[in-house]
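# Report on the structure
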Amino acid sequence: MTDLVNLVHYARILGMPAARLWFSLPEALPVPQEGSRVVDDERRAVPPDVHRSQDTWRATRRYLNTHRAQLAAAASQLYLKDTRLVDAPLLTTAQWCPPEPVLLERVRLTWTGSPKLPLVDGSEPEAGQALPLRAPGRSFDRYTQAVRYIAAPSLFENRPSYRLTGVDWTADGSGELSFGLATYFDKLDVSEAIGHEFAAAAQRADSAVSWGALPLRRMINDPFDLDLRAVVPAITTLLLRVRPSGEATFLLHWRDPGKVATAGGLYDTIPAGEFQPSTVMGDPAGPDFDLWRNIVRELNEELLGAPEYDGSSSRPLDYDRWPLYRSLQRARATGHLRAYCFGIGCDALTLAATIPSAIVIADSVFDELFGEVVQTNAEGVTVTRWNGQDTTAGIPFTEQNIIQFLTSEPMAPPGAACLALAWKHRDLLIGS
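What comes next concerns the included structure. (Residues numbered from 1 in each chain as written. Predicted model: local features only at pLDDT ≥ 70, side-chain atom pairs only at ≥ 80, totals over all residues. Heavy atoms only, no water.)

## Quick look at the pairing of strand β13 (residues 337-341)
- Burial of β13 is extensive: four of the five residues sit out of reach of the surface.
- Across two bridges, strand β2 (residues 102-103) lies against β13 in antiparallel orientation. Paired with L103 across the bridge in β13 is Y340.
- As defined by bridge partners, β13 adjoins strand β15 (residues 353-362) across five bridges and the pair is classed as antiparallel. Within the sheet, the bridge partner assigned to L337 lies in β15 and is I361. (Buried < 20%, exposed > 50% of the residue type's maximum accessible area, 1.4 Å probe, protein only. Helix = DSSP H or I, 4+ residues; strand = E, 2+ residues; numbered from the N terminus. Pairing = 2+ DSSP bridges.)

Encoded structure:
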């Protein structure tokens, strides 16, 4: 899979015509407008059973994307109470979540290379509910294939990603996380299919969805078993901007479902992104294999509106020559910025893993490095007004606001977990 990802990347860099390649370039197809001649011609050409199957799939996908918060809360009820994080539909265990936040520099990463193939990859017959027909009697092989050809968002590209293979939190307040290499679609082929399956069952059910209606989810009977599926985590970070008075604010992002493949239509914390190398050209176990550097790349993208480091450069990112990275490193060294890890958890709806974390940064340093953050980026918009007030400098980090977002607003489970855990450990994080 990694070799094919590299070939796709090289073909794009060199501008090779698709007709001369033995493999397909994973580009989203142009989406014809409803009522256009193209759509009418396509519908006349597509067999009725295929057309009905894809229309049903598309409607369920739309329902999934517009009800993720409610569906996540409902899906969390399938699991034991002691695996559910209080105030957020995120699943975790004592083995995955340390008793208090751990400074990021005390989290050691270990490279394990190419892990063994997962037992469940989304191609099983049990995934059939989530896979529409592509031809009479023939379904799409994987969920990402269906997304690409039926309902592709603007950001939908398969890339090398880090796969979690081991978790160990120690009593001395440190931890070790082990990783190998996988791809982003390895994650989506299972996680989004599981979410789709639950959404379809919820549409049919008159009461709570039961395990009997969820054959693919039943295959992941232990969401914390790292061998069952490819656990490819994102890193979701709450940025707390602290004034000299001790008051703090935080930033939120609304994820546009037309632009992103996951967590569309939800509020999430800033920054958030997949744990991935910045380029396919370098060593995946090299400088990119670092939680903090991944967070800095997301800060650059989501706060400053910079293009994503998507592997299109011919050389790996040189962090030591990057002014933003050097400035943030100085802030860490002088104590004006601290970064923490809360552990690891899974979205109850999709079982997609995340590493919830927090950055605590002095207000003056934030102003110097980021100024006024961009309002719109490639994944959605920053929340700049809330409850009739200007929140360009952040939403006040108060109990009232935290409760409102956790109980009354459509929050992505990883972002909700960051808010809940930051409020729980606020004395450690900001000393108030």
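Now that the structure has been shown, the text picks up again.
## Observations regarding the pairing of strand β7 (residues 175-183)
- Within β7, eight of the nine residues are buried, which leaves the element mostly enclosed by the surrounding structure.
- Examined bridge by bridge, strand β3 (residues 107-113) and β7 share six bridges and lie parallel to one another. Looking at the pairing, V107 lines up with G175 of β7.
- Pairing geometry for strand β6 (residues 160-169) and β7, over nine bridges, is antiparallel. Paired with P160 across the bridge in β7 is T183.

## Some points on the pattern of salt bridges
- This structure, assessed with the given rule, holds 12 salt bridges.
- Notably, a salt bridge pairs K116 with D227, separated by 3.7 Å at the nearest N-O pair. Taken together, the residues span a long stretch of sequence, with K116 in the loop between β3 and β4 (133-135) and D227 in the loop between α7 (215-219) and β8 (234-242) at a distance of 111 residues.
- Owing to a relative accessible area of 56%, K116 belongs among the exposed residues under this scheme.
- Among the ionic pairs, D367 bridges to R241, the shortest N-O distance being 2.3 Å. (Salt bridge = Lys/Arg side-chain N within 4 Å of Asp/Glu carboxyl O.)

## Observations concerning the sheet that holds strand β17 (residues 380-382)
- Within the open sheet, the four strands sit side by side as β11-β10-β17-β16. Their pairing is antiparallel. The strands lining the two open edges of the sheet, one partner per strand, are β11 (267-269) and β16 (376-377).
- Bridge count for strand β10 (residues 252-255) against β17 is three bridges, and the pairing is antiparallel. When the bridges of β17 are listed, H253 appears paired with T382.

## Topic: unusual backbone geometry
- The amide bond that connects I270 to the next residue, P271, takes the cis arrangement and shows omega of 0°.
- A positive phi is found at D87, a non-glycine position, where the angle reads about 75°.
- Mapping D87 onto the fold places it in the loop between α4 (68-76) and β1 (90-91).

## Some points on the packing of aromatic side chains
- Scanning the entire structure with this criterion turns up 22 aromatic pairs.
- Between F397 and W423, the aromatic rings sit 5.2 Å apart at their centres with planes inclined by 70°, giving edge-to-face as the arrangement. Placement of F397 in the loop between β20 (395-396) and α11 (399-408) and of W423 in helix α12 (residues 413-424) is noted, with a sequence separation of 26 residues between them. As far as the burial class goes, F397 and W423 line up, both buried.
- Taken together, the aromatic side chains of F250, Y267, W386, F397, F405 and W423 make up a single cluster linked through ring pairs.
- It is R332 that lies over the ring of W292; its NZ or CZ is 4.6 Å from the centre. (Phe/Tyr/Trp six-rings, centres within 6.5 Å; stacked < 30°, edge-to-face > 60°. Lys NZ or Arg CZ within 6 Å of the ring centre and 35° of its normal.)

## Here we look at the environment of T382
- Relative to the helices and strands, T382 is located in strand β17.
- For the pair T382 and D268, spaced 114 residues apart in sequence, the C-alpha separation works out to 9.6 Å.
- Contacts of T382, omitting those with residues within four sequence positions, involve L252, H253, I270, V373, V374 and Q375. (Contact = heavy atoms within 4.5 Å.)

## Quick look at the environment of I361
- With respect to the element layout, I361 can be found in strand β15.
- Remark: the alpha-carbon pair of I361 and L240, spanning 121 residues in sequence, is separated by 6.3 Å.
- Setting aside chain neighbours within four positions, we find I361 in contact with L239, L240, R241, V242, H336, L337, F366 and F370.

## A closer look at helix α6 (residues 184-204)
- Over its 21 residues, α6 extends 30 Å from the first C-alpha to the last, a length consistent with the 30 Å expected when each residue adds 1.5 Å.
- Of all 21 residues making up α6, 17 are buried, and the element is well covered by its neighbours. (Expected span 1.5 Å × (residues − 1).)

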